[in-house]
Amino acid sequence: MSKVYIALQDNDESRYIVEAIEADNPDVTVLHMPAMIRIEAEGFLAVKRETVEEKIGRDWDVQELHVNLITLGGNVDEDDDQLTLTWNE
Amino acid sequence: MAAKKLNIKDKYRLLTRDLDWDFSYEDRSKAFPFEEFEGIKITDWSKWEDPFRLTMDTYWKYQAEKERKLYAIFDAFAQNNGQLNISDPRYVNALKIFLTGVSPLEYQAFQGFAHTGRQFGGVGARVACQMQAIDELRHVQTQVHAMSHYNKFFDGLQDWSHMHDRVWYLSVPKSFFNDARAAGPFEFMVAIGFSFEYVLTNLLFVPFMSGAAYNGDMATVTFGFSAQSDEARHMTLGLEVIKFLLEQHEDNVPIVQKWIDKWFWRGTRLLTIVSMMMDYMLPNKVMSWKEAWEVYFEEAGGALFKDLARYGIRMPKYAETIEKEKEHVSHQAWWTFYTHGHAAGFHTWIPSDEELDWLSEKYPDTFDKYYRPRWELAKEMEAKGERFYTKALPQLCTICQIPMLFTEMDDPTQISYRDSIYKGDRYHFCSDGCHDIFEDEPEKYVQSWLPVHQIFQGNCGGPDVEDVLRDYYQMNVGVDNMDMKGSPDEERWKKWKGVA
């Protein structure tokens, strides 16, 4: 299975997004690099609005992710509740 | 009655798909004249899916927020004299390459996507291309703004646009984009939207930018990551285009594969200069070119091609050669620039002993065997006051326009040469990849504007190299070029830092 990944700018908002991703996707690998955080997972990864809202303590729109996003790998699907990354094999 | 908030999918449908119209009194094929001549068959544009479902209002909202964050950092960087906090003044030379070689490509990407978006019959693809065109325009603007601050303190950044059009090594990136923009709309999308954006730009905008942060350059890392956040959308568009073309008609598969073969090879060659920026021009190291290549090309690209295998798409041609080259290209490129350092618009140097050790450690199979001895020799010559500059002008590859610096991968002491005769003239290439691209479309590439040929034909002033540099390239000779040691850049830095 190939790895999907997402990289975020290392800042205060991303920290909560990373916490939410870790909570919803227990098997992810989080890599800290200068100014960025890279998160990898085997085949699938989800960023869920509800979990991010819980961690960040306010309303959060899934499309807000664009503000802190650096890059990603995998097939994207985005709706009001989550953004998912998958590889089809 | 209160207005109901639309969900993303409905909003996307209403604000994107519903903006399309039918052609009742005009011939549709005349409205989209470029849609068919490449042989691509589109049966149903409505099958187009944009996974981000971004609408224009949301686009402006988030882009405005990104810009405010970005310019706040530019202001802080300038007000705080951020140029004094970089790790080492040698680092700025990577920015000179960036501004003269990469930023003008952002402008070419803007032109390319504006044109291509206009030529697509499907509204979803048109809107996505329109957003990408605006993104690319934003990228060139933010890069020029970020680097204008460095231009106040360092040489070589003063005439980037003029240099991009004329300087010998800058014809490499310029001709790459010219080639893509001179193709049809679908080839442009496979070239730039897919091959370039999905795999290759990551190597410049992620590990190199992380390296910029590690070298104290907050302005560059911020424009880099801000640009790359748009690239995440561009990558997704590139992947959607490929999937869409492959799902529309089986006849599209061999055409798309041929373009993938061509543009992955072209892109790999183009990234040679980034390999050298990573391994030789970042004084504080984050990762080697080889390591970055393994993460972003082999791992990410490998996953991508496994995903596309179900359509009958295979890995790009020459993937085996590309895999071997990661051990060599950065060293071969930096050596070429070092020996042509009198003709470059930035400074070159011998790596420090500490840096040579780092390279030995990162490239255990190749560096000590093939490359370190050259630097040891260069050090000896420099110590004797005989810093080496070559007198010759390099032979260029007709396709990638890079000097013949690459070696055979099975024999890294033998320069790789290929050639081909077309209508009685002989053309030269650096590799099988570039040779095959020529063979497929010779009429296109016999028109290449090759800087060294142009100099010899007397089209760039002269007669001496120095005349070309000064009058045709508009470099400040003796200031912008030559070794870092003894340069005005180095002298100013020492003065600011109070170092003798």
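Conventions we followed
- Residues numbered from 1 in each chain as written.
- Chains lettered and ligands numbered in written order.
- Predicted model: local features only at pLDDT ≥ 70, side-chain atom pairs only at ≥ 80, totals over all residues.
- UniProt positions renumbered as here; feature names shortened; annotations may be inferred.
- Helix = DSSP H or I, 4+ residues; strand = E, 2+ residues; numbered from the N terminus.
- Buried ≥ 20, exposed ≤ 12 C-beta atoms within 10 Å, placed from the backbone.
- Contact = placed C-beta atoms within 7 Å.
- Nonpolar A, V, L, I, M, F, W, Y, C, P; charged D, E, K, R; others polar.
- Expected span 1.5 Å × (residues − 1).
- Bend = angle between axes of the 7 residues up to and from the residue.
- Core = buried A, V, L, I, M, F, W, Y, C linked by C-beta atoms within 7 Å.
- Pairing = 2+ DSSP bridges.
- Axes fitted to C-alpha atoms, helices over the stretch in contact; angles between N-to-C directions.
- Parallel < 35°, antiparallel > 145°, perpendicular 65-115°, else oblique.

As for the UniProt feature "domain: YHS" (unreviewed entry) in chain B
The UniProt entry lists residues 410-449 of chain B under the feature "domain: YHS" (unreviewed entry), expressed in the numbering used here. As annotated, residues 410-449 of chain B has a helix share of 32% and a strand share of 25%, and its two end C-alpha atoms lie 31 Å apart.

Observations regarding unusual backbone geometry
Residue and element names in this part refer to chain B. At the junction of Gly-462 and Pro-463, the peptide bond is cis and its omega measures out at 10° in the coordinates. Relative to the elements of secondary structure, Pro-463 occurs in the loop between helix H19 (451-456) and helix H20 (465-472). One non-glycine residue, Asn-81, lies in the positive phi region at around 50°. By the element assignment, Asn-81 lies in the loop between helix H3 (56-79) and helix H4 (92-119). Even without being a glycine, Gln-401 presents a positive backbone phi close to 65°. Its place among the elements puts Gln-401 in the loop between helix H16 (367-383) and strand E1 (418-422). By C-beta crowding, Gln-401 is classed as buried, having 26 other C-beta atoms within 10 Å.

Quick look at the interface of chain B and chain A
Facing 31 residues of chain B, the contacting portion of chain A comprises 25 residues. Of all the secondary structure elements, the ones that give two or more residues to the side of chain B that touches chain A are helix H1 (8-15), H3, helix H8 (185-214), helix H9 (218-248) and helix H12 (289-308) of chain B. The biggest single contributor to the side of chain B that touches chain A is H9(B), with 8 residues. The residue makeup of the side of chain B that touches chain A, split by class, is 14 nonpolar, 8 polar and 9 charged.

A closer look at H9(B)
Residues and elements named next belong to chain B. Between its terminal C-alpha atoms H9 stretches 45 Å, which fits the 45 Å expected from 31 residues at 1.5 Å a residue. The axis of H9 is deflected most strongly, by about 30°, at Asp-230. Extensive coverage of H9 is indicated by the burial of 27 of its 31 residues.

Describing the nonpolar core
Side chains that are nonpolar tend, in soluble globular proteins, to be buried together. Among the nonpolar cores identified, the biggest contains 153 residues, and Leu8(A), Val190(B), Ala191(B) and Met277(B) are the most heavily contacted of them. For this core, the leading source of residues is H8(B), giving 19 residues. Those residues in contact with Met277(B) that lie beyond four places of it in its chain are Ala94(B), Ile97(B) and Phe208(B). Grouped together as the second largest cluster of nonpolar side chains are 7 residues, Leu359(B), Tyr363(B), Phe367(B) and Tyr371(B) included.

Some thoughts on the sheet that holds strand E7 (residues 82-86) of chain A
Residue and element names in this part refer to chain A. Judged by pairing direction, the sheet is antiparallel, and its 3 strands sit side by side in the order E4-E7-E6 without closing on themselves. Whereas interior strands pair on both sides, the edge strands pair on one side only; in this sheet they are strand E4 (44-48) and strand E6 (75-78). Neighbouring strand axes in the sheet, compared pairwise and without regard to direction, differ in orientation by 15° on average. Pairing geometry for E6 and E7, over 4 bridges, is antiparallel. Residue pairing across strands places Asp-77 opposite Thr-84, the latter belonging to E7. Sitting on the sheet, helix H2 (residues 49-56) touches E4 and E7, and the angle it makes with E4 is about 55°.

Description of the packing of H9(B) against helix H10 (residues 252-270) of chain B
Residues and elements named next belong to chain B. Relative orientation of the contacting elements H9 and H10 amounts to 150°, with a least axis distance of 8 Å. As far as their axial angle goes, H10 and H9 are roughly antiparallel. Listed contacts from H10 to Ile-242, Leu-245, Leu-246 and Gln-248 of H9 are Asn-252, Val-253 and Val-256. Grouping the constituent residues of the contact of H9 with H10 by class yields 5 nonpolar, 2 polar and no charged.

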